[in-house]
Amino acid sequence: MKQRWHILGAGSIGCLWACNLVSMGYPVTLLLRNPEKLDIFNSTGAITLAEKRYSVSAELTDTSTDIDQLLITTKSTDTATALQSIKKRLSKSVKVIVLQNGLGSQEWVKDQLPNAEVAWASTTDGVWTKTPFNLVHAGQGITRIGSPITAYAWLAPLENGFLKVEQDEDIALTLWRKLAINCAINPLTAVYQCKNGELINNPDYLATMAAVCKEVELVAESEGIELFDGPLIEQACHVAELTAENYSSMMQDIQHQRITEISHITGYLCERAKQNRLHTPTNDHYLRKIKKLHESIKTSAH
Ligand code: KPL
């Protein structure tokens, strides 16, 4: 019998991965934080993906059974609260995969769990939730998995599901590249409430994106990260073009009055800049703007 995976963060990506793990014969349990969500899950008892039902179980985080393998797919901003809610259930040598956007939370998880084997992952899969626990896999992408410290043998079998999975010997670089693209596209689309493609069609937005990219390159360089072969602005424009009709995740968060992952994207970048005594005025400006939007979201929620 394969060892059970627990999934912390039962959003679209977490549920997609639950199905993928089930397809490989792993027992899977979703860790849910609120009883209402558990009731909704229990009324269906499975995750549906492309009309196919995948049998998983679900339980509240404050259940007492041990967790030996944990996949974290919460928003990066929810990591601390979510991990705290299950920390005492983790077995000593727990295996953990952190599959999240942005940077900062991966190191944080490792620091919290010094005895754990912690791997990091980044995905380009596109998935959305039609109704609770009923998914549409809209874009087949790649999930890259690796550890910045050592190659864990237990990661290799995860290539055998229906999702495209690759071992990544430089997962930190992969996450940095994603962060760089997200710094270039997400805050601007969120502030101007526009599609990704508009960033390349509007000369003012494009000039701002170029300024953001220059600062990101400086910070990356100071951290010893060589981002891409060509300039970041070229990559960012390429991604904006490929996803021209999409709304970025941050744009959607703001539109739906949700807190964004800015603290782990532009926030992480500005923090690294500060540590390295670099100036990032454009990124600072958009970080402040999004934080202001968070304030109004919090106020209207009360
Ligand atoms: O990753 C993305 C996001 O929306 O978070 C991009 C690449 C910007 C695509 O929309």
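Thresholds applied
Residues numbered from 1 in each chain as written. Predicted model: local features only at pLDDT ≥ 70, side-chain atom pairs only at ≥ 80, totals over all residues. Heavy atoms only, no water. Domains from an automatic or database assignment. Contact = heavy atoms within 4.5 Å. Buried area = accessible area lost by both parts, 1.4 Å probe. Polar contact = N/O pair within 3.5 Å; in protein donor to acceptor, adjacent residues only side chain to side chain. Helix = DSSP H or I, 4+ residues; strand = E, 2+ residues; numbered from the N terminus. Nonpolar A, V, L, I, M, F, W, Y, C, P; charged D, E, K, R; others polar. Near = heavy atom within 4 Å. Areas by Shrake-Rupley, 256 points an atom, 1.4 Å probe, with all protein chains shown as cover. Axes fitted to C-alpha atoms, helices over the stretch in contact; angles between N-to-C directions. Parallel < 35°, antiparallel > 145°, perpendicular 65-115°, else oblique. Left-handed = near helix turned anticlockwise from the far one by under 90°. Salt bridge = Lys/Arg side-chain N within 4 Å of Asp/Glu carboxyl O. Buried < 20%, exposed > 50% of the residue type's maximum accessible area, 1.4 Å probe, protein only. Phe/Tyr/Trp six-rings, centres within 6.5 Å; stacked < 30°, edge-to-face > 60°. Pairing = 2+ DSSP bridges.

**A few points about the domain arrangement of the protein chain**
Where interface size is given, it is often the accessible area lost as the parts come together that is meant. If you check the domain split of the protein chain, you get domain 1 (5-169) and domain 2 (173-301). On a C-alpha basis, the centres of domain 1 and domain 2 stand 26 Å from each other. If you look at the interface, domain 1 gives 16 residues, while domain 2 gives 14 residues. Interface area for domain 1 against domain 2, summed over the two sides, is near 1300 Å², with a carbon-plus-sulfur share of 57%. On the domain 1 side of the contact with domain 2, Lys-75, Asn-101 and Leu-103 bury the most area, a combined 47% of that side's loss. Run the count over domain 1 and domain 2 and you get seven residue pairs in polar contact (both at pLDDT 80 or more). Broken down by secondary-structure element, the contributors of at least two residues to the side of domain 1 that touches domain 2 are α4 (105-112) and β8 (117-123). Here the element with the most residues in the side of domain 1 that touches domain 2 is β8; it accounts for four residues. Residue classes in the side of domain 1 that touches domain 2 are distributed as three nonpolar, ten polar and three charged.

**Here we look at the site of the ligand**
Near the ligand the following residues occur: Asn-182, Ile-185, Asn-186, Asn-196, Val-239, Ser-248 and Ser-249. Here an oxygen atom of the ligand and a side-chain polar atom of Asn-182 are 3.1 Å apart. The protein chains hide 82% of the 280 Å² of surface that the ligand would expose on its own. At three residues, helix α5 (residues 171-192) tops the list of elements feeding residues into the shell around the ligand. Partitioning the shell around the ligand into residue classes produces two nonpolar, five polar and no charged.

**Thoughts on the packing of helix α10 (residues 266-275) against helix α11 (residues 281-301)**
Taken N-terminus to C-terminus, the directions of α10 and α11 make an angle of 135 degrees; their axes are 9 Å apart at the nearest point. With respect to α11, the axis of α10 lies oblique. Between α10 and α11 lies a crossing whose hand is left-handed. Taken together, the residues of α11 that come into contact with α10 (itself represented by Thr-266, Gly-267, Leu-269 and Cys-270) are Asn-283, Asp-284 and Leu-287. When grouped by side-chain class, the residues that make up the contact of α10 with α11 number three nonpolar, three polar and one charged.

**Structural notes on the pattern of salt bridges**
A side chain with one charge may pair with a side chain of the opposite charge, provided their charged atoms come close. For the structure shown, the criterion picks out eight salt bridges. Lys-214 is paired through a salt bridge with Glu-217; the nearest N and O atoms lie 3.8 Å apart. With Lys-214 and Glu-217 both in helix α7 (residues 203-222), this residue pair falls three residues apart, about one helical turn. The salt bridge involving Arg-272 is made with Glu-223; its shortest N-O contact spans 3.2 Å. Of the two residues, Arg-272 is situated in helix α10 and Glu-223 in the loop between α7 and α8 (232-242); the sequence distance between them amounts to 49 residues. When its relative accessible area of 27% is taken as the criterion, Glu-223 is described as partly exposed.

**Let's talk about the packing of aromatic side chains**
For the coordinates displayed, the defined rule picks out seven aromatic pairs. Taking the centre distance of 6.0 Å and the plane angle of 45 degrees together, the rings of Tyr-54 and Phe-162 count as tilted. Placement of Tyr-54 in strand β4 (residues 52-54) and of Phe-162 in the loop between β11 (143-146) and β12 (165-167) is noted, with a sequence separation of 108 residues between them. Classification of Phe-162 by relative accessible area gives partly exposed; the value is 32%. Note on Tyr-192 and Tyr-205: the rings are 4.6 Å apart at their centroids and 15 degrees apart in plane angle, and the pair reads as stacked. Taken together, the residues span a long stretch of sequence, with Tyr-192 in helix α5 and Tyr-205 in helix α7 at a distance of 13 residues. Classification of Tyr-205 as buried rests on a relative accessible area of 17%. Linked through ring pairs, Trp-5, Tyr-152 and Trp-154 together constitute an aromatic cluster.

**Regarding the sheet that holds strand β10 (residues 134-139)**
A sheet is described by the order of its strands in space; here four strands give the open sequence β4-β3-β10-β9, paired in mixed fashion. Among the strands making up the open sheet, the edge pair consists of β4 and β9 (126-131). Strand-to-strand twist of the sheet, defined as the mean angle between neighbouring strand axes without regard to direction, takes the value 35 degrees. Pairing between strand β3 (residues 47-49) and β4: three bridges, direction antiparallel. Across the sheet, the residue bridging to Thr-48 is Arg-53, located in β4.

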